[in-house]
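# Remarks on the overall topology
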2 protein chains.
Amino acid sequence: MKKTVTFIAFIFLWTMNGQQLQSSSKDISVDFSLSNKGEPTYKVTYKGKEVIKPSKLGVSLKNGIALNKNFTIVDSGTSTFDEMWTPVLGEEASIRNHYNQMTFHLKQKESNKKLDIVFKVYDEGVAFRYEFPFGTKVEYFIVSEENTEFNLTGDHKTFWIPSDYDSQEYNYNETKLSEIDISKLNLENGIALKTIDTNFRVQSPLMMKSAEGLYLNIFEAAVTNYPVMHLDVDTKNFNLTSHLVPNAIGDKAYLRTPSTTPWRTIMVSEDARDIVSSKMILNLNEPSKIEDTSWIKPMKYVGIWWEMHVGISTWDYAGSQNAQNSLTQELLPSGKHGATTENTKRYIDFAAKHGFDGVLVEGWNVGWEDWFGNWKEDVFDFTTPYPDFDIEEVANYAKSKGVKMIMHHETSGSVGNYERHLDRAMDLMKKYEYPAVKTGYVGKIIPRGEYHDGQTMVNHFNFVARRMADNQLMVNSHESTRPTGYHRTYPNYIAAEAARGNEFNAWSNGNLPFHETVLPFTRLLGGPMDYTPGIFEIKMSSYDPSKTEQVHTTLAKQLALYVTMYSPLQMAADLPENYEKYLDAFQFIKDVPADWQTSKYLEAEPGDYLTVVRKDKNSESWFLGAITDENPRNTEIKLDFLSPNKKYKAIIYQDGKDAHWEKNPKSYNIKKETVTNKTKLKLNLAAGGGTAISFMPID
Amino acid sequence: MKKTVTFIAFIFLWTMNGQQLQSSSKDISVDFSLSNKGEPTYKVTYKGKEVIKPSKLGVSLKNGIALNKNFTIVDSGTSTFDEMWTPVLGEEASIRNHYNQMTFHLKQKESNKKLDIVFKVYDEGVAFRYEFPFGTKVEYFIVSEENTEFNLTGDHKTFWIPSDYDSQEYNYNETKLSEIDISKLNLENGIALKTIDTNFRVQSPLMMKSAEGLYLNIFEAAVTNYPVMHLDVDTKNFNLTSHLVPNAIGDKAYLRTPSTTPWRTIMVSEDARDIVSSKMILNLNEPSKIEDTSWIKPMKYVGIWWEMHVGISTWDYAGSQNAQNSLTQELLPSGKHGATTENTKRYIDFAAKHGFDGVLVEGWNVGWEDWFGNWKEDVFDFTTPYPDFDIEEVANYAKSKGVKMIMHHETSGSVGNYERHLDRAMDLMKKYEYPAVKTGYVGKIIPRGEYHDGQTMVNHFNFVARRMADNQLMVNSHESTRPTGYHRTYPNYIAAEAARGNEFNAWSNGNLPFHETVLPFTRLLGGPMDYTPGIFEIKMSSYDPSKTEQVHTTLAKQLALYVTMYSPLQMAADLPENYEKYLDAFQFIKDVPADWQTSKYLEAEPGDYLTVVRKDKNSESWFLGAITDENPRNTEIKLDFLSPNKKYKAIIYQDGKDAHWEKNPKSYNIKKETVTNKTKLKLNLAAGGGTAISFMPID
């Protein structure tokens, strides 16, 4: 690991009662100063042009002290940092963390309180955070609000989802800043639990584009022991202000000295690819705290899951999803229970035959009869299988086939109950050699009054990751807070859902065709998503002619998502019998790896398209994914990323000429070509379509 | 076990739109009827005289439905029940549960909601509860308040403590009902955390005495999955109304059908001994759910505890009780840490020498430097000893001496943190063969917004009891909700503090001399208390001449408490070196058992005096405890409880002639006499004094 910390002067310019810090590229600079009232203020410029106008900084405490004015700068300092580090799993085998830093040590006159503000400037953006230094004694304090402003320079195009303390599972809205208004949304969207308390607040990451074509992204990194930051929007003046998600009694964060807030990040570039490829969020997190990471591995998996979403089988043994079916409350088997020993063996056979690492089984444990929508505390015990699921037999069978079982822990939001059972639940996993767990948090949180995005829950999700790490277990959390790079620190936290996943297509109005062209600029900046792509039987009418739901995609696009949606955990979400019908297309899912040597974003425009190529970490093969929104797209790409003087067999999985996400989604064809790094390839993507390509070197 | 359930008619009398139920003694009756508005109403009479005037019943739900009017009686029924059952530990080797019961099945017109109200009448009182029956489907509902009235007949003398959602550690106030007013109390009483939100609300058990000399007690039994009931006081009309302790968001209880509330109890007698000896609260709880109870044993114990209260040593290694002593936050040993290996061995030696079962060690684990008063979440991990406490060496040493170690889990109110560590904490106990744990909950509860007396915490305390039972471990909870008989159902929940204990005498204004004459009529009705009696070095000035605190007692009274304060867990709380100074008096503590064949209350007047004799469960010996309040007391008792035709050696531990709790508390003398069941004994109790007697049969 190369590491350099240098104190430098040249990046550091005194201004009136403040200082300026530049990126090493010199394109981005941040100015910090105190106003004549002693208010901490910053602004950000890109190539000399303001992108964040002078914006105030501060934190309000519950004891009445507002750390936002009457400050003096006691001291300040700058440094630069440059290192390469090696993620356990990732889009890149090694990552450069290179930034310039300046720190301001502030003191407030009346209160005598100290506050440090630290800025880091990367080539793709600015990050800053508040630090509460240890003084002469430990001080405990309660944050009642954070007063961070992001004052924008115009009425940018914005990709936003509404502020909701309990869910991010929304379709993105593409509007101008001035048009943000939650009251105008159709909220009949399949989200069962919504906690929205104002119409002019959005979530981050917030992706924007200015009229001049500048891309801007506001987000946060390293959210630990702090609530998630949402953003209040002043739709007239284009100002954003931090809003922290409250706890049960309206407080925001309980902290002590010394401590810090998460990093607030502003990425900016005239090239959208700089944002989508940025590792800034990861770099702002602490290095791995797990010493031996040999047990952390990428996983491709299948599972008993989509069949419940499409209505073929049920999570619960009795088939009712609540206890209403029986006055006597007996468990009467419905005959439709998905997680049977027999059905699991079928998936294990399929996984073994096609080279998948794992099999997920949802609905294996008692509790599903009465789990949903009632704010019920004692739901699951995480250790008792249904009578038709023989966990020992399943575990032995999987082992004999060389397949790993993936545990499932649905909590229904009853988090105290999960924490009370966690050690015993992990003991069961270890006993039966499940290396990973998918967790779920569908429902109102217990402790009651807490929200999915509050400090309590942030701490819970991180706690589960740490406890799983103690036991060498990997985690994939669904309905959690969206990640902000904690998987750098705990690389066993391999994936999360925390956005609108593919499942919504099965039983709601679904995901807009442009959804997957937005996610890489938003949700994925924080960490891998278990999006569960790979749906080949796209229209739900194939299961029930009365159904009109569908995945808003072509079949080829589903393949491309394995490359465009980076995750070391990738599900082939459709049913084995559906894959058997399209084994030629399925070959791509079998071939595509989930861990990479390097990645190159060839084309990117949020909400429109994305083309990315990635090189397998363990071979010389490359894989391409290209997707478009609801519009067809024709493009030509150069294969100059391939190694020179080498021939590759390209297998091109593309939309059929008549393909269309709605009218003809399953039209695809597969072409094989021999290519080199001089080759140019024309890609023709249907409306809502995509292209996936594997490039295997020919020896 | 003899058990009789008979449907009977004679106890059951129709009245206008209602019915009356009598106790088998016929002294007590309860009338239930619906008002002309369909309001459920009851009244209670004792020997034909009203003791509870017509009082309304009802429960308000959060969805706006008030289950308190517009009811019709759909059906009703009566039964009688008579059985003997055997507690694992207790004041009696067997207990009779004998009551008449009537149940009303009500239906509300508009809402179509069902509500059952069940009455049980015992010879010493009435109990009733609400039941929410299972209809055609499971229904979830939220109780926003319970509207149970107890309309009293006059301005009774009342022993009360203020309603406080987080503490019952108050001195009792003895006033008329009309004089109840929390604003008039001196709250400089050593209680660090108080949550009082009105001046006219009290806690239960509420002990009263009418002008006519009738004793009345209002309490509750079997509080599970429900908050604690406090009582709003109408000081003009002498009406009490239930007030349930809220949760973080103001709700009271989350229930589903079928479920029940706790029992609301009204004990009444013209003889105070009927109340103090009542087993009604226990009888109203479910029988034991633990099949093998052989591991549940009474314990007398000593421990490293009082020395911290008196200031000789510290709980924490660094001696500061918070992290303020060190800018670097290093742990610098103070040299005053109590829980060292060496000191523990000294207590083990003392316990072994004097026949004590157990040794408690507080302050053995890291976390005490920064545990108190800051609403800190991650305080203790319950598994990491301080560097000067070698848990393995201690465990081995105790085992070699035939002494059991008692674990200590202070949570500081951070309950989520405790639950997250509980399984690992119990694993440590099992590894080192600790059979029991003392838990502590000093501080504001986390999950934040919850209170000690809310449904969440009631569930927590019961959960810990159940989990400890799963692991064959006994629990003694401090700063928990006051017990309501759950130790019948989980007999491993052997004791609790949950009232103002002896410790307050060490560092606050202390406990009034009459305190222990009130507790048997209040706190002890719900279950055993770990009061930690046995303080011989009564004045704190003996440790530090500048101190004025003292235990408000004579030395002899401290002995009597081992009999008057029933508990199967009894601490000899003073320091070994203090007991060595008074070995003759200490002999009583060594002799007195903690589990009994039978108990007889000879004299009782709440707030004034109590005289009780108990027969050892495992021998023919009897033990007497007599205590008085701040007034001296002379009395004569008949020893007719002793077996006829048998001689006993009576060792009488009594106050010296010049004894006085304040002026001369350590004056005592010991007399030995031979007595029979014909003997009458004069007892002379000093102001704040007591007498303890052992009666050993002479073969």
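Cut-offs and rules
- Going along each chain's sequence as written, the residues are numbered from 1 onward.
- Whichever chain is written first is A, and whichever ligand is written first is 1; the rest continue in order.
- Predicted model: local features are reported for residues with pLDDT of at least 70 only, side-chain atom pairs are reported and counted for 80 or more only, and whole-chain, interface and lining totals are derived from all residues.
- Hydrogens and water are ignored here; the side-chain numbers use all heavy atoms of the structure.
- Counting from the N terminus, the helices are the DSSP runs of H or I reaching at least four residues and the strands are the DSSP runs of E reaching at least two.
- Throughout, a residue-residue contact means that at least one pair of heavy atoms, one from each residue, lies within 4.5 Å.
- Only strands joined by at least two bridges in the DSSP assignment are considered to pair.
- Fitted lines through C-alpha atoms give the axes, limited to the stretch in contact for helices. The angle between two N-to-C directions lies from 0 to 180 degrees.
- Pairs were defined over the aromatic rings of Phe, Tyr and Trp, the Trp ring being its six-membered one, requiring ring centres within 6.5 Å. Orientation was assigned from the angle between planes: stacked under 30 degrees, edge-to-face over 60, tilted for the rest.
- Using a 1.4 Å probe on the protein chains alone, a residue whose accessible area is under 20% of its type maximum counts as buried, one over 50% counts as exposed, and one in between counts as partly exposed.
- Think of it as a cone above the ring: NZ of Lys or CZ of Arg counts as a charge over the ring if it is within 6 Å of the ring centre and within 35 degrees of the ring normal.
- Read the arc as the range of directions from the helix axis to the C-beta atoms.
- What qualifies as a polar contact is a pair of N or O atoms within 3.5 Å, subject to a donor-acceptor requirement within protein and to the restriction that residues adjacent in sequence count only when both atoms come from side chains.
- We place the copies in one frame by least squares, fitting the C-alpha atoms of every residue whose pLDDT is at least 70 in both.
- Here the expected length of a helix is defined as 1.5 Å per residue gap, with one fewer gap than residues.
- Summed over both partners, the accessible area lost on bringing two parts together, with a 1.4 Å probe, is the buried area.
- We define a salt bridge as a side-chain nitrogen of Lys or Arg found within 4 Å of a carboxyl oxygen belonging to Asp or Glu.
- Roughly parallel refers to an angle under 35 degrees, roughly antiparallel to one over 145, roughly perpendicular to one between 65 and 115, and oblique to any angle outside these ranges.
- A crossing counts as left-handed when the near helix is turned anticlockwise from the far one by less than a right angle, and as right-handed when that turn is clockwise.
- Three categories are distinguished: nonpolar for Ala, Val, Leu, Ile, Met, Phe, Trp, Tyr, Cys and Pro, charged for Asp, Glu, Lys and Arg, and polar for the others, with Gly belonging to the last.
- Domain boundaries shown here were taken from an automatic or database domain assignment.

### Looking at the side chain of B:Q558
Here B:Q558 shows up in helix α11 (residues 555–564). With sequence-adjacent residues up to four places away left out, B:Q558 is seen in contact with B:N502, B:P533, B:G534, B:I535, B:V551 and B:T553.

### A short note on the sheet that holds strand β34 (residues 622–628) of chain B
Residue and element names in this part refer to chain B. The strand order across the open sheet formed by six strands is β32-β33-β34-β39-β36-β37, and the pairing between neighbours is antiparallel. With partners counted over all chains shown, the strands left at the sheet margins are β32 (596–605) and β37 (668–675), one partner each. With direction set aside, neighbouring strand axes in the sheet form an average angle of 15°. Here eight bridges tie strand β36 (residues 647–655) to β37, and the two strands are oriented antiparallel to one another. By the bridge assignment for β37, Y648 is matched with V675.

### Examining the packing of aromatic side chains
What the rule picks out here adds up to 76 aromatic pairs over all chains. On the basis of an interplanar angle of 55° and a centroid distance of 5.6 Å, the ring pair of A:F32 and A:F119 is categorised as tilted. One end of the pair, A:F32, is in strand β4 (residues 28–34); the other, A:F119, is in strand β11 (residues 114–122), with 87 residues separating them in the sequence. Between B:F380 and B:F382 the ring centres are 6.2 Å apart and the planes differ by 45°, which places this aromatic pair in the tilted class. Each of the two residues, B:F380 as well as B:F382, counts as buried. Clustering of aromatic rings is evident, with ring pairs tying together A:W315, A:W368, A:W371, A:F372, A:F380, A:F382 and A:Y418. Here the basic side chain of A:K444 rests over the ring of A:W375, its NZ or CZ set 3.8 Å away from the ring centre.

### Section: the pairing of strand β19 (residues 215–221) of chain B
All names here are of chain B. Judged by how many residues are buried, β19 sits mostly within the fold: seven of seven residues are covered. What you see with β19 is no split at all: Y215, N217, F219 and A221 on one side and L216, I218 and E220 on the other are buried throughout. Sheet analysis places strand β18 (residues 206–209) next to β19, joined by four bridges and oriented antiparallel. Bridging from a neighbouring strand, K209 pairs with Y215 of β19. Relative to strand β24 (residues 263–269), β19 runs antiparallel, the two being bridged by seven bridges. If you follow N217 over to β24, its bridge partner there is M267.

### A few points about the sheet that holds strand β13 (residues 140–146) of chain A
Residues and elements named next belong to chain A. Sheet architecture is open: four strands sit in the order β8-β7-β13-β22, paired in antiparallel fashion. Looking at which strands have only one partner, the edges of the open sheet turn out to be β8 (66–67) and β22 (253–256). Taken together, the two bridges between strand β7 (residues 59–61) and β8 define a ladder with antiparallel strand orientation. When the bridges of β8 are listed, S60 appears paired with A66.

### A short note on helix α5 (residues 391–400) of chain B
In an α-helix, one full turn covers 3.6 residues, which means residues spaced three or four apart are oriented alike. Residue and element names in this part refer to chain B. Here α5 has its buried residues at I391, V394, A395 and A398. Around the axis of α5, the buried residues are gathered within 100° of arc, so they sit on the same side. Against α4 (341–354), β27 (404–410) and α6 (415–431) lie the buried residues of α5. The opening residue of α5 is D390, an N-cap whose side-chain oxygen sits 3.2 Å from the backbone nitrogen of E392. Looking at the residues trailing α5, positive phi occurs at G402, about 70°.

### Some remarks on the relation of the copies chain B and chain A
Aligned on chain A, chain B shows an RMSD of 0.0 Å; the corresponding rotation is 180° and the shift along the axis is 0.0 Å. Those values place the two copies in the arrangement expected of a two-fold rotation axis. Comparing contact sets, 100% of the residues at the interface of chain B also lie at the interface in chain A, consistent with an isologous, same-surface contact.

### Observations concerning unusual backbone geometry
All names here are of chain B. P205 follows S204 through a cis peptide bond whose omega is 5°. Following T257, the chain continues to P258 via a peptide bond in cis, the omega torsion being -10°. Inspection of the secondary structure assignment puts P258 in the loop between β22 (253–256) and β23 (259–260). Unusually for a residue other than glycine, N70 sits at a positive phi of about 60°. Relative to the elements of secondary structure, N70 occurs in the loop between β8 (66–67) and β9 (71–85). Here N112, not a glycine, exhibits a phi torsion of approximately 65°, which is positive. In this structure, N112 sits in the loop between β10 (95–108) and β11 (114–122).

### Description of helix α7 (residues 455–470) of chain B
Residue and element names in this part refer to chain B. With 16 residues, α7 ought to run about 22 Å at 1.5 Å a step, and its terminal C-alpha atoms sit 22 Å apart, in line with that. For α7, the buried fraction is high: 12 of the 16 residues fall into the buried class. Residues of α7 that are buried include every one of Q455, M457, V458, H460, F461, N462, F463, V464, A465, R467, M468 and A469, and no others. In the stretch just after α7, Q472 is the one whose phi turns positive, near 55°.

### What about the interface of chain B and chain A?
Contacts between chain B and chain A engage 35 residues on the former and 35 residues on the latter. Taking both sides of the interface into account, the surface hidden between chain B and chain A amounts to around 3000 Å²; carbon and sulfur atoms contribute 53%. In this structure, the connection of chain B to chain A is made through six salt bridges. A:R424 is the salt-bridge partner of B:D423, the closest N and O atoms lying 3.0 Å from each other. Counting every contact that joins chain B to chain A gives eight residue pairs in polar contact (both at pLDDT 80 or more). Among the elements of the structure, β13 (140–146), β22, α6 and α7 of chain B are those that each provide at least two residues to the side of chain B that touches chain A.

### Here we look at the packing of helix α6 (residues 415–431) of chain A against α6(B)
The contact between α6(A) and α6(B) brings their axes to 7 Å, and the two run at 20°. On the basis of their axis angle, the class for α6(A) and α6(B) is roughly parallel. The element α6(A) and its partner α6(B) pack so that their crossing is right-handed. Where α6(A) approaches α6(B), its residues A:G416, A:E419, A:R420, A:D423 and A:R424 are matched on the opposing element by B:G416, B:E419, B:R420, B:D423 and B:R424. Partitioned by chemical class, the residues of the contact of α6(A) with α6(B) number no nonpolar, two polar and eight charged.

### Some details on the domain arrangement of chain A
Residue and element names in this part refer to chain A. Here chain A is described as being made up of domain 1 (3–283), domain 2 (288–498) and domain 3 (532–699). One C-alpha centre belongs to domain 2, the other to domain 3, and the line joining them spans 29 Å. Of the residues lining the interface, 22 residues belong to domain 2; the matching set on domain 3 comes to 27 residues. Together, the buried faces of domain 2 and domain 3 total about 2200 Å²; carbon and sulfur atoms form 69% of this surface. Contact with domain 3 buries area across many residues of domain 2, yet K300, Y301 and W306 alone supply 29% of it, more than any other trio.

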